[in-house]
Amino acid sequence: MKKIAVVGLGYVGLPLSLQFAKRGIAVVGLDVDDSKIKTLCQGSSFIRHIAASDVSSAVGEGMLAPSTDFSRVSEVQAVIICVPTPLNKYREPDLSYVLETGKAIAPHLSRGTLVVLESTTYPGTTERELREVLEAGSGMVAGKDFHLAFSPEREDPGNPESKVAKIPKVVGGLTPACLDAAVALYSAAVDKVVPVSSCAAAEATKLTENIFRSVNIALVNELKMIYERMGIDIWEIIAAAKTKPFGFMAFYPGPGLGGHCIPIDPFYLTWKAREFGMHTRFIELAGEVNASMPDYVIAKITDVLNRHGKAVRGSKILLLGLAYKADVDDIRESPSLVLIERLEALGAEVHYNDPYVPVIPVTRGHSALAGRESRPVSGDYDCLVVATAHSEYNGASLAALGVPIVDSRGLVPHGPNVFRA
Ligand SMILES: NC(=O)c1ccc[n+]([C@@H]2O[C@H](COP(=O)([O-])OP(=O)(O)OC[C@H]3O[C@@H](n4cnc5c(N)ncnc54)[C@H](O)[C@@H]3O)[C@@H](O)[C@H]2O)c1
């Protein structure tokens, strides 16, 4: 293949586009967000861990052509869809972005074009919902006139070792020919492609990976609370347990789940399972435990302030880390946003510090926080709360400030003023 289109140039679509461009495949990068397209056309990046120099050289060499013009799909041999798949307000799958994309590209598909969905979703989406809009809009038949496949994205934001080319890519096709086309496409860009039997199998693989994480994080969060009552530190236990060379994999507790994947994706399966008369009890329980973590942290803050003769109301609190995980600037679904809102509802004055988030952008569900600015770390607070273990934070220096610290990340060494949560 000489030229492809990538639709949705976010955390997934942009690095993928750059990887194809690097391997000599020209990419038309399509997005509905005009400001992102303008930024890319100027050779700049809007994602912290993607270097502007990578964008500017790909654009400069004509290997990446950012555009809002979906008719350019007629120029390409493959289209990869990387648009959001959130939950709606009833916590049900919202496929509207995927289906809108399907409608937008369908009229411009040529015979033999390959369409691959990468957005995380429940098994059956590619073969049913996406296929229907593509066939209706193109007048062609999937698996006969054009190829259709699913290949989940596997990104590890914040991990400098996580390179698109090095992460094996699972691929499922509607027909054996669709699978062959998708394997050929990704083999050009990544080192290892893992074919599976169907699009649904590839969709289920992605959900399984994320459900595995969600359930295991819930487990350590529960153990954290039990062990705390026993005077045992979960962080010490995990460090010791992970010396076992087999049968144990370390997961870490925290103030709640964040990011675009783990808090959301499992519920795509929950919803779909109902159609089959099944209840996803592990997923629901994990969701319940993980979602209760901000309240656990707040209970700990309340307790710590109380020990110092203070109430939450009127206290000044600095929250360290707004991003949902260390060393990234992504605050989607971050539990820190929930912590700020709940502490303020209790009457606290809450500031935040985050070297990766100088100003809070507009977010779904927390728009009232937009525009607030990161404050310097200082001892001028009644309590510090460690919500994200950014590399910039040094536990010993934080402890030296002499302020009570509630630490949900096991960052600060044990001391009289340090309370794990
Ligand atoms: N971010 C991750 O680490 C990650 C990892 C694995 C899987 N995923 C999955 O990949 C998908 C994309 O996630 P993301 O993090 O890249 O999201 P994102 O919000 O960073 O990017 C999505 C992009 O799609 C664009 N978009 C929205 N509607 C569009 C449309 N109709 N046509 C064209 N562009 C449109 C948006 O403007 C945005 O630039 C999701 O399904 C997500 O679950 C994300």
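**Q** Teacher, can you tell me more about the overall build of the protein here?
**A** Along the protein, the regular secondary structure elements total 13 helices and 13 strands. Against the 2.2 N^0.38 benchmark of 22 Å for 421 residues, the protein shows a C-alpha radius of gyration of 23 Å, consistent with a compact globule. For the protein, the C-alpha atoms occupy an extent of roughly 75 × 50 × 40 Å along the three principal directions. Within the span of the protein, comprising 421 residues, buried residues form 50% of the whole. Across the protein, the fraction of contacts at a sequence separation of at least 24, relative to all contacts at a separation of at least 6, is 68%. Surface exposure of the protein reaches about 18500 Å², of which carbon and sulfur atoms provide 55%. The centroid of the 42 positive side-chain charges in the protein is displaced by 2 Å from the centroid of its 47 negative side-chain charges.

**Q** Honestly, the side chain of Glu153 in this entry has me stumped. Any pointers?
**A** Mapped onto the elements of the fold, Glu153 is located in the loop between β6 (147-150) and β7 (169-173). One buried charged residue, Glu153, forms no salt bridge at all, with the nearest opposite charge on Lys169 at 4.2 Å. Those residues in contact with Glu153 that sit more than four places away from it in its chain are Val12, Glu118, Lys169 and Lys206.

**Q** Would you mind showing me how to read the site of the ligand here?
**A** By nearness alone, 26 residues border the ligand, and Tyr11, Val12, Asp31, Lys36 and Thr85 come closest of all. Arg332 is positioned with one of its side-chain polar atoms (N or O) 3.0 Å from an oxygen atom of the ligand. Contact with the protein chains removes 91% of the 840 Å² of surface that the ligand exposes when unbound. Of the residues contributing to the shell around the ligand, the split by class is 12 nonpolar, 7 polar and 7 charged.

**Q** What am I meant to see in the sheet that holds strand β10 (residues 349-353) here?
**A** Backbone hydrogen bonds hold the strands of a sheet together, and the pairing may be parallel or antiparallel. In spatial order, the strands read β10-β9-β11-β12-β13; together these 5 strands make up an open sheet with parallel pairing. Pairing within the sheet leaves two strands with one partner each, and these edge strands are β10 and β13 (418-420). Sheet twist, expressed as the mean angle between neighbouring strand axes with direction ignored, is 20°. The pairing of strand β9 (residues 316-320) with strand β11 (residues 383-386) spans 4 bridges and is parallel. Looking at β11, one finds that Leu318 is bridged to Leu384.

**Q** I would appreciate a short explanation of the sheet that holds strand β3 (residues 64-67) in the present structure.
**A** The sheet built from 8 strands is open, its strands ordered β3-β2-β1-β4-β5-β6-β7-β8 with mixed pairing. At either margin of the open sheet sits one strand with a lone partner, and together these are β3 and β8 (193-196). Within the sheet, the average angular offset between the axes of one strand and its neighbour, ignoring direction, is 25°. Contacting β4 (78-81), β5 (114-117) and β6, helix α5 (residues 126-138) runs over the sheet at an angle of about 140° to β6.

**Q** Help me understand the pairing of strand β1 (residues 3-7), please; the structure alone is not making it clear to me.
**A** It is a general feature of regular strands that their side chains alternate between the two faces of the sheet. Most of β1 is tucked away: 4 of the 5 residues are buried. Note that β1 and strand β2 (residues 26-30) share 5 bridges and pair parallel. From the neighbouring strand, Ile4 faces β2, where its bridge partner is Val27. With 4 bridges joining them, β1 and β4 adopt parallel strand pairing. In the strand pairing of β4, Ala5 is matched with Val79.

Conventions and cut-offs
Residues numbered from 1 in each chain as written. Predicted model: local features only at pLDDT ≥ 70, side-chain atom pairs only at ≥ 80, totals over all residues. Heavy atoms only, no water. Helix = DSSP H or I, 4+ residues; strand = E, 2+ residues; numbered from the N terminus. Rg over C-alpha atoms; globule rule 2.2 N^0.38 Å. Buried < 20%, exposed > 50% of the residue type's maximum accessible area, 1.4 Å probe, protein only. Contact = heavy atoms within 4.5 Å. Areas by Shrake-Rupley, 256 points an atom, 1.4 Å probe, with all protein chains shown as cover. Lys, Arg positive; Asp, Glu negative; His and termini not counted. Charge placed at Lys NZ, Arg CZ, Asp CG, Glu CD. Salt bridge = Lys/Arg side-chain N within 4 Å of Asp/Glu carboxyl O. Near = heavy atom within 4 Å. Polar contact = N/O pair within 3.5 Å; in protein donor to acceptor, adjacent residues only side chain to side chain. Nonpolar A, V, L, I, M, F, W, Y, C, P; charged D, E, K, R; others polar. Pairing = 2+ DSSP bridges. Axes fitted to C-alpha atoms, helices over the stretch in contact; angles between N-to-C directions.

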